[in-house]
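For reference, the chains in residue letters:
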Amino acid sequence: MANLYEMTATELGRVLAGKKASSVEITDAFLKRIEAMEEKVHSYVTVTPELALDMAGEADRRLARGEGGPLTGIPMAVKDNMCIKGQRTTCGSKILHNFVPPYDAQVVSRIREEGMVILGSANMDEFAMGSSTETSHWGTTRNPWNLDMIPGGSSGGSAAAVAAGEAAVSLGSDTGGSIRLPAAFCGVTGIKPTYGAVSRYGLVAYASSLDQIGPISRDVPDLALILNMICGHDPKDSTSVPRAHEDFTAFLDKPISGMTLGLPKEFFNKLASPDVERVVAETRSVFEGLGVNFVELSLPHLDYGIAAYYIIAPSEASSNLARYDGVKYGHRAAKFSSMIDMYCRTRAEGFGPEVKRRIMLGTYALSSGYYDAYYLKAAKVRTLITRDFKRAFEACDAIFCPTAPSPAFRIGEKIDDPIQMYLTDVCTIPVNMAGLPGMAFPAGFSADGLPIGLQLIAPHFEEARLIQLAAAFQRETDHHLKRPPL
Amino acid sequence: MKITREQVDYVALLGRLELEPEEKEKYMGQLDDILKYMDMLAEVPTDDVEPMAGPVELYTPLREDEVKPSLPVQEALANAPDRDGTSFRVPKVIE
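None of the values given here were measured: they were computed from a predicted structure. Once a new chain begins, its residue numbering starts again from 1 and follows that chain's sequence as written. Chain labels run from A onward and ligand labels from 1 onward, assigned in the order the entries are written. Only residues with pLDDT of at least 70 are given local features in this predicted model, and only at 80 or more are side-chain atom pairs given and counted; all residues enter the totals for whole chains, interfaces and linings.

All names here are of chain A. Spatially, β1-β3-β2-β4-β6-β5-β10-β11-β9-β7-β8 is the arrangement adopted by the 11 strands of the open sheet, whose pairing is mixed. Each of the sheet's edge strands pairs with one partner strand only, and the pair in question is β1 (44-47) and β8 (293-297). If you compare each strand with its neighbour and ignore which way they point, the axes differ by 30° on average. In short, DSSP must find at least two bridges between two strands for them to pair. In DSSP terms, a helix is any run of H or I states spanning at least four residues, a strand is any run of E spanning at least two, and both are numbered starting from the N terminus. Direction of pairing for strand β4 (residues 169-173) relative to strand β6 (residues 213-217): antiparallel, over a ladder of 4 bridges. By the bridge assignment for β6, Gly172 is matched with Gly214. Contact definition: two residues whose C-beta atoms, as placed from backbone geometry, lie within 7 Å. Note on method: axes are straight lines fitted to C-alpha atoms, helices fitted across the in-contact stretch only, with angles between N-to-C directions ranging 0 to 180 degrees. Contacts from helix α3 (residues 49-64) reach β1, β2 (75-79) and β3 (117-122) within the one sheet, and its direction differs from that of β3 by about 155°. Contacts from helix α5 (residues 156-163) reach β1, β2, β3, β4, β5 (189-192) and β6, with the element oriented near 165° to β4.

Right under this line is the structure:
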């Protein structure tokens, strides 16, 4: 038997069903792996061995009674912006360094109902603002494939943990690419579901019209299982859509012959790496071998995506982050002269540089005299980007494109250059603007051994189509089976 | 420059952020660069385009006005930096 920590959730489910190991034994193997890896990779903000072993014991008792689902007893990581009742949840920030939620996020409730095992809270860019996990108050996560490189962000801990065998699967959140980018950079599979498919109740808000929770895993079958668990309507989130979802596992073995993938030219003229170009060409020929047709098309407003996003997201953030005032929870400055002074000092001490930058930008864009020129203009451009996608889907079943213009970059390379950092998300942001489902999947490696993940985008609530396409691709290829040399 | 030192001071106050002088200098330059990048939006014709607030059709979910259990006061206060009985304690607001 292979090492337990190297197995997918689906394989671990078979181990449990065959009584070859208990959930406590599996969880113990992951906790030992975490202990061995954390010094190098730093995927976690908080590891919760007691909670994990409690949950594993409970899972074993359920399984012994013949109860439980396909994920019962499987260990996972949760991004540090999803509330776990009684466990510190910091959102990667000093301002929440001591926050212990009095309730569970809806996705955490689903994890408990299913009987999965929570290993801990995964590292992330502070308030999910970043593309590299370097803005975390708790220090950067390193890319398991090359420890000098960033893992992508903001869900860098969630992706690195799965890549390094520190969790079988994980949850991330994606506001402008924060699941797909780290999944691509760490050689794992991740999906941002349609906006409204998964409840945001208990997810610490960054930009509420863009944020969406989704899974990261080693392969597509695991992704389908987690989607089955977390998708669904939640009355506690008024943007969650009342709609029954498909059984995503029913699409894993469906043929894809006759399907059409769209190639938007605006995505491909941004490629900054011959490695990505090569991997795109190789992936295209695999799909063609499976009977998929390709059609070139155009998304004319794609180039305005970054500019519009970096008005809309910071505007929403400046409003959402007003709640960190040193009154209800989190950090409060020790010295102050008045109420306003208390707010200003608390926030100055509690927030890091990127969060302050975005609060400044968003506050400016919403301030009197600038609203029309910035926020309103960006909201109109958002309509045009959404229309472009709608038109594109008249000609294809899904869109095929890169996840990022190049593979992972070096730690420190872009941290002092906000615009270069923002441009990392050029291929992922438009998907959030339109609220579409998007998936990143391992498609190959650069010449120096870094994973390259490509992206598939589908119309609203067509996650099943992405599962179908990527599962077919993974049956033909072995990129997702490669493990980093740790 | 698109943004002045006075505007940085004003926006920092609106955002309730006490910034050091060198932070203000840094953000002034960076916000200027970012806002210059945003200028590209001006070239997109949007006169008859409706703005979009979010990707889903928002509706107002209605329900019966029933009392349901909510967070007990002490649990809601448990994370407060300063509290007194059943209240959050804050600095004096009214002079």
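From this point on, the discussion continues.
For the bond running from Gly153(A) to Ser154(A), omega is 10°, close enough to zero to count as cis. Considering the arrangement of structural elements, one finds Ser154(A) in the loop between β3 and α5. Not every positive phi belongs to a glycine, and Arg16(B) is a case in point at roughly 55°. Counting other C-beta atoms within 10 Å of a residue's own tells you its class, since 20 or more makes it buried, 12 or fewer makes it exposed, and anything in between is partly exposed; those C-beta atoms are placed from the backbone. Since 22 C-beta atoms lie within 10 Å of it, Arg16(B) is described here as buried.

This brings us to the pairing of β4(A). Of all 5 residues in β4(A), 5 are buried; the element is thus mostly enclosed. Of the two faces of β4(A), the one carrying Val169(A), Leu171(A) and Ser173(A) and the one carrying Ser170(A) and Gly172(A) are both buried.

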